[in-house]
Amino acid sequence: MTQSPETAFHLYVHWPYCRAKCGYCDFASFVPKRAWDAAAWGAAYEADIAALRGRTGSRELGSVFFGGGTPSLAEPAVIGRVVEAALRAWEPRADLEVTLEANPGTVDKAGLRALRDAGVNRLSVGAQSFDPEDLARLGRIHSVDETKRVLDWAHHIFDRLSFDLITARPGLTPAAWRAELAEALEFAGEHVSIYQLTVEDGTPLSRDVAAGRVTMLDEDTEAEIFEDTRQIMAEAGRPAYEVSNFARPGAECRHNLAIWRGADYGGVGPAAHGRLTLEEGRFATRHAPDPAAWVKGPPPPRLEPLSAEERAREHLMMALRLTEGARAEPFRLRFAADGMADPRELMNPDALAEAVGLGLIESGEDGVRATEQGVMLLNTLTARLLDGERTPR
Amino acid sequence: MPALAAKQHQDARLPMTDLSHIRNFAIIAHIDHGKSTLADRLIQTCGGLNEREMKEQVLDSMDIERERGITIKAQTVRLAYTAKDGRTYQLNLMDTPGHVDFAYEVSRSLAACEGSLLVVDASQGVEAQTLANVYHAMEANHEIVPVLNKIDLPAAEPERVQAQIEEVIGLDAADAVMISAKTGLGIPDVLEALVHRLPAPTGERDTPLKALLVDSWYDSYLGVVILVRVKDGVLKKGMRIRMMANNAAYQLDKVGAFTPKMVEVESLGPGEMGFLIAGIKTVADCKVGDTITDDRLPATAPLPGFKPSVPVVFSSLFPVDSGDFEQLRESLGKLRLNDASFQYEPETSAALGFGFRCGYLGLLHMEIIQERLEREFDLDLITTAPSVVYRVHMTNGELRELHNPVDMPEPTQISEIEEPWVKATILVPDEYLGSVLQLCTERRGIQEELTYVGNRAMVVYRLPLNEIVFDFYDRLKSISRGYASFDYEVADYTASDLVRVSILVNGEAVDALSFIAHASQAESRGRQICERLKDLIPRQLFKIPVQAAIGGRVIARETISAMRKDVTAKCYGGDISRKKKLLDKQKEGKKRMRQFGKVDIPQSAFIAALKMGDE
């Protein structure tokens, strides 16, 4: 991490299709009614990338991230066309990271090789749980054995490997979770993402909870699981670098880390979001979510102007979730031209003093970060810190 | 009958110069005992309205009045009745408010009449409210004619109820008129009884004008309409009148009577009732009980019995949405146009923002005002717990009237506090008597009387008004399964051991929740509120104490433990917008928070805490 990835540009590629929709998911994903036309999708991505290149001009490219949906459903040829188009459009850094999210139920050994050959150099496997019953309850289409098999293959095929887990599932005890995490770590690569099951509006899960069919864990149990997870992952050499992301030092997901540090990223594919700093100003970009409309020839994304202050606030929201926190110097470099020399200028001074006094936040020369205790209360802390007007120092 | 009815209707317009042909009467009845039905029947029989115009219970014109079966504003109806003696009488029916909150208004309405019909349900018997009003009528020297209603029902026990009237009220009920207002049975007997048993009014025609102001209301087309009973002299269109309480003078535009339709007449003479319109803009200038006289030739002394109305119960009203404050101010202004007995002044609360401290004649009056604000003006309101008016004697000799617990002076500056006490009459079936006595004792009551009427007990208690505004009526209803009837009148002020209990959240007093209580109850009520708040206030970054205190002395304490985990460990990936939405949601929530020192308390917690107070 000596090189700052923040100066580069990053590309997010959204693949909207899934084989089945999971009960907890509220992402822009769809189960297609009939087979898609791989050639058309390849061409549409190429066109979207060309259009994005037209807006960004020449930029250094730090990473490409295939998210979804289930991008491992896409033909490796489609992935290959996207990677090639990206390499043509921008100036790839030597250590360009290309991540793809894979569902264990959708890939075999040959498929993984084909993805590697298409340019993917980091695989993120949606393992979600190592408990067969809970995995089924989550609505996943794969088995624990399939997950283990795919992870074994992936270790041989990819240098960089991550997988996702969902914890704090209904009925989960801290003891059961510790055992499950220990088993999962036997299959772990350099990086693991561990999310807590979150009830999102409009999902089948939220309806089950509202109807009393499912009871989510209480605050104390969730807290215990959260604390245990951080401790176990640190002991396993993969400390948290973000609220729900754990990695060996230097093996962080460069794509996400860069975005959380405030870097620009472009989004291609239906429903893809982006943040662009252009000559005309800063923008939030958003593609319409309908895959069928998008594949016919991608309509341009909506560009919403963002003030420097809004952009800085967004950045701080994400940065406070990082273990390193909101760093003063990179912030100054990015926002000084817009009159913001330090992250603390956007923070409510009373709330900051209070949080520091309570030992929840550390504030020093190099920036502002949540303490181990503070991370546990980050939603409230962030809301309090970022509430109010700017106070230039 | 139509032809005759039309003729009688004509007669109603004619001035009645012969006082012996006038009868003024009120109807006294408990809710649901048939007052309105009887009134309707009398109007119909005398041809005041034809069938098509006849709406059920024409007298109660406000929605709330009709729904609750209560009367808030007094009204009169002038009827022309040709009696069996062949003479035509002018009968003036006075519909009076029937609730304790409006006791003074009731007394003025009764003062405008010479007699009353006491209507009692022949199966239910006498109720507490009837009792209070019948005593008012006796004080007004009324000739009272008992009327037993609903005698057609199988459950009717006229003899028992007659005996009860004699026993409880001390009124000869041997000649009670037996009727069924619903079927019309006995209505002619009621009319004959009015003519023959009630005295005619007295009054001098050729002396300076003295007219009793019975009530007034605001009509958006006509301005203020005043209901009057002329005692002496003549009220004539075109004359200049003067209100004796404030010496304001007005040109009289219109004089008239209700038949019950509004009908203009040339003049109103002694003994007559009717209305006047004189370009008055607000009812606040028309005080119930005031004397109206001739501005050019004023009476030397006003009629007896006038007193300005004084609120006895206070509470604060705050808009749930602080953006509605101006609308609340306007709405209160509009309500006050029609209800001078209701008072309000701006108030600021750290917990609830900007609002108004309001004074009412009683609990029902308070409910009516709040309901009208919410219903007619579409406002969402937060109401603080009702409080009574305390008299605080300061050590420096000063006497302060305390309308709001927030204004309580420091204990060291107080030499004595007096609180209002009431005389409460409760009628209750025997089997619930024990619970009722227990409730009264819990509420610091002092028993004055306990008598039996058949299988019902009548108890008279002295009780602090403070204890009554604190959910007494609801408790009484629930322990007697709805069978107890209850009425009270404010009796006097008595010194008491009263304290102001403050509620502190993290050491900061929450103004809206402070209350005044008797020292013996301060701790249990304080503890109750602390326990509730503990459940209502969300956990914060640090643990916070919730305390009840008298001055600097903490009498109850609960602790809200610190928040343990509040972080969304979700996949945001590159999607900042998702995280931002979450934060915006949190900020939106924070807008509805009130800050107490370092603690954010959602307004909903205060609303819930205040609501639970009346359960």
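Residues numbered from 1 in each chain as written. Chains lettered and ligands numbered in written order. Predicted model: local features only at pLDDT ≥ 70, side-chain atom pairs only at ≥ 80, totals over all residues. Heavy atoms only, no water.

What follows covers the overall build of chain A. Across its full length, chain A holds 15 helices and 15 strands. A burial count over chain A gives 58% of its 393 residues as buried. In chain A, once contacts between residues fewer than 6 apart in sequence are set aside, the share between residues at least 24 apart is 70%. Accessible area for chain A stands at about 15700 Å²; split by element, carbon and sulfur atoms hold 51% of it. (Helix = DSSP H or I, 4+ residues; strand = E, 2+ residues; numbered from the N terminus. Buried < 20%, exposed > 50% of the residue type's maximum accessible area, 1.4 Å probe, protein only. Contact = heavy atoms within 4.5 Å. Areas by Shrake-Rupley, 256 points an atom, 1.4 Å probe, with all protein chains shown as cover.)

Within chain B one finds 15 helices and 34 strands. When burial is assessed residue by residue, chain B has 58% of its 615 residues classed as buried. Within chain B, counting contacts between residues at least 6 apart in sequence, those at least 24 apart form 69% of the total. For chain B, the exposed area adds up to about 25600 Å²; of that, 49% sits on carbon and sulfur atoms.

The next thing to look at is the pattern of salt bridges. Between side chains of opposite charge, pairing is possible as soon as their charged atoms come close. All names here are of chain A. Enumeration according to the criterion identifies 49 salt bridges over all chains in this entry. The partner of glutamate 46 in a salt bridge is arginine 81, and the shortest N-O contact between them spans 3.0 Å. On the criterion of sequence distance, the pair formed by glutamate 46 in helix α1 (residues 38–56) and arginine 81 in helix α2 (residues 76–89) is long-range, its members being 35 residues apart. Taking relative accessible area as the criterion, arginine 81 reaches 28% and is therefore assigned partly exposed. (Salt bridge = Lys/Arg side-chain N within 4 Å of Asp/Glu carboxyl O.)

Now for the environment of A:His155. Along the polypeptide, A:His155 turns up in helix α5 (residues 144–157). Excluding residues that lie within four positions of it along the chain, A:His155 makes contacts with A:Leu161, A:Phe187, A:Ala188 and A:Gly189.

In an α-helix, one turn spans 3.6 residues; hence positions three or four apart end up facing the same way. Counting buried positions over the eight residues of helix α15 (residues 378–385) of chain A gives eight, a clear majority of the element. All buried positions along α15(A) are accounted for by A:Leu378, A:Asn379, A:Thr380, A:Leu381, A:Thr382, A:Ala383, A:Arg384 and A:Leu385.

A few words on the interface of chain B and chain A. With 29 residues of chain B at the contact, the number on the chain A side is 44 residues. Here chain B packs against chain A, burying approximately 3700 Å² in sum over the two surfaces, 55% of which is carbon and sulfur. The interface formed by chain B and chain A holds four salt bridges in total. B:Arg564 is the partner of A:Asp220 in a salt bridge, and the nearest nitrogen-oxygen pair spans 3.7 Å. (Buried area = accessible area lost by both parts, 1.4 Å probe.)

What follows covers the sheet that holds strand β4 (residues 115–121) of chain B. Residues and elements named next belong to chain B. An order of β2-β3-β1-β4-β5-β6 is seen for the six strands of this open sheet, with the pairing classed as mixed. Either end of the sheet is taken by a strand with one partner, and the two such strands are β2 (75–82) and β6 (177–178). Relative to strand β3 (residues 88–95), β2 runs antiparallel, the two sharing eight bridges. Residue pairing across strands places threonine 76 opposite methionine 94, the latter belonging to β3. (Pairing = 2+ DSSP bridges.)

Turning next to the packing of α1(A) against α2(A). Between two packed helices, the angle of one axis relative to the other and the distance separating the axes together describe the packing. Residue and element names in this part refer to chain A. Close contact between α1 and α2 brings their axes to 9 Å; oriented N to C, the two are set at 15°. Taken as axis vectors, α1 and α2 run roughly parallel relative to one another. Between α1 and α2 lies a crossing of right-handed hand. Together, Ala38, Ala39, Gly42, Ala43, Tyr45, Glu46, Ile49 and Arg53 of α1 and Val78, Arg81, Val82, Ala85, Ala86, Arg88 and Ala89 of α2 make up the contact between the two elements. Residue composition of the contact of α1 with α2, by class: ten nonpolar, one polar and four charged. (Axes fitted to C-alpha atoms, helices over the stretch in contact; angles between N-to-C directions. Parallel < 35°, antiparallel > 145°, perpendicular 65-115°, else oblique. Left-handed = near helix turned anticlockwise from the far one by under 90°. Nonpolar A, V, L, I, M, F, W, Y, C, P; charged D, E, K, R; others polar.)

Enumeration according to the criterion identifies 24 aromatic pairs over all chains in this entry. Note on A:Tyr241 and A:Trp260: the rings are 6.4 Å apart at their centroids and 45° apart in plane angle, and the pair reads as tilted. Note that A:Tyr241 is positioned in strand β7 (residues 240–242) and A:Trp260 in helix α9 (residues 254–260), a separation of 19 residues in sequence. Seen from their ring centres, B:Phe342 and B:Tyr360 are 6.0 Å apart, and the 20° between their planes marks the pair as stacked. You can see B:Phe342 sitting in the loop between α8 (325–338) and β18 (343–349) and its partner B:Tyr360 sitting in strand β19 (residues 353–360), a full 18 residues away along the chain. One aromatic cluster is present, built from ring pairs that chain together A:Trp15, A:Tyr17, A:Trp36, A:Trp41, A:Tyr45 and A:Trp294. The ring of B:Tyr493 is capped by B:Arg391, whose NZ or CZ atom sits 3.7 Å from the centre of that ring. (Phe/Tyr/Trp six-rings, centres within 6.5 Å; stacked < 30°, edge-to-face > 60°. Lys NZ or Arg CZ within 6 Å of the ring centre and 35° of its normal.)

Here we come to the pairing of strand β15 (residues 367–370) of chain A. All names here are of chain A. Bridge count between strand β13 (residues 326–327) and β15: two bridges; the pairing is antiparallel. Across the sheet, the residue bridging to arginine 327 is glycine 367, located in β15. Sheet topology note: the strand β14 (residues 361–364)/β15 ladder contains four bridges and is antiparallel. Considered in β15, the bridge of glycine 364 is made with glycine 367. The hairpin turn running from β14 into β15, its antiparallel successor, is two residues long.

So, on to the sheet that holds strand β11 (residues 249–251) of chain B. All names here are of chain B. What the eight strands build is an open sheet, ordered β11-β10-β16-β7-β8-β15-β12-β13; its pairing is antiparallel. Edge positions in the sheet fall to β11 and β13 (262–264), since each of these pairs with one other strand and no more. Ignoring strand direction, the axes of neighbouring strands in this sheet form an average angle of 40°.

Our focus in this paragraph is the side chain of A:Glu252. Along the chain, A:Glu252 turns up in the loop between β8 (245–247) and α9. For the buried A:Glu252, no salt bridge exists, and the shortest N-O distance to an oppositely charged side chain is 6.7 Å, to A:Arg160. (Lys, Arg positive; Asp, Glu negative; His and termini not counted.)

Geometrically, the link from A:Gly68 to A:Gly69 is a cis peptide bond, its omega value of 20° lying close to zero. As for its placement among the helices and strands, A:Gly69 is situated in the loop between β2 (60–68) and α2. Cis peptide bonds are those with omega within 30 degrees of zero, and the linkage from B:Thr259 to B:Pro260 qualifies with 5°. Following the sequence through the fold, B:Pro260 ends up in the loop between β12 (254–258) and β13.

Residue and element names in this part refer to chain A. Here helix α6 (residues 174–185) spans 16 Å end to end across twelve residues, near enough to the 16 Å set by a 1.5 Å rise per residue. Those residues of α6 not exposed but buried are Pro174, Trp177, Glu180, Leu181, Ala184 and Leu185. Buried residues of α6 fall within an arc of 135° about the axis and therefore sit on the same side. (Expected span 1.5 Å × (residues − 1). Arc of directions from axis to C-beta.)

For the rest of this paragraph, the subject is the side chain of A:Glu354. Checked against the element boundaries, A:Glu354 lands in helix α13 (residues 349–357). Residue A:Glu354 is classed as buried on the basis of its relative accessible area of 9%. In contact with A:Glu354, not counting residues within four places along its chain, are A:Arg384, B:Leu541, B:Phe542 and B:Lys598.

This brings us to the confidence of the model for chain A. Mean pLDDT for chain A: 93, with 97% of residues reaching 70 or above. pLDDT under 50 marks residues 1–5 of chain A. Its contacts with residues more than four places away, or in other chains, come to ten contacts. (pLDDT = per-residue confidence, 0-100.)

This brings us to the pairing of strand β3 (residues 91–102) of chain A. Residue and element names in this part refer to chain A. Relative to β3, β2 runs parallel, the two being bridged by six bridges. Looking at the pairing, leucine 61 lines up with proline 92 of β3. A crossover connection joins β2 to the parallel β3 through α2; in handedness this β-α-β unit is right-handed. Where β3 meets strand β4 (residues 122–128), four bridges bridge the pair, whose relative direction is parallel. Along β4, the bridge assignment pairs leucine 100 with leucine 123. (Right-handed = clockwise from strand over helix to strand, strands pointing away.)

Our next topic: a negative patch on the surface. On the surface, a cluster of negative charge is contributed by B:Asp321, B:Glu374, B:Asp378 and B:Asp380. As for its position among the elements, B:Glu374 is in helix α9 (residues 363–376). (Patch = residues over 30% accessible without salt bridge, like charges linked within 9 Å, V, L, I, M, F, W, Y side chains within 5 Å. Charge placed at Lys NZ, Arg CZ, Asp CG, Glu CD.)

Residue and element names in this part refer to chain A. Evaluation of the coordinates by the stated rule reveals zero disulfides over all chains. The thiol of cysteine 18 is not disulfide-bonded; the next cysteine sulfur, from cysteine 25, is found 6.4 Å away. Taking relative accessible area as the criterion, cysteine 18 reaches 11% and is therefore assigned buried. (Disulfide = S-S within 2.5 Å.)

Before going further, it helps to examine the confidence of the model for chain B. Do not read the predicted coordinates in detail wherever pLDDT is low. Taken residue by residue, chain B gives an average pLDDT of 86. The fraction at 70 or more is 89%. Confidence over residues 1–10 of chain B falls short of pLDDT 50; this stretch has nine contacts with residues more than four positions distant or in other chains.

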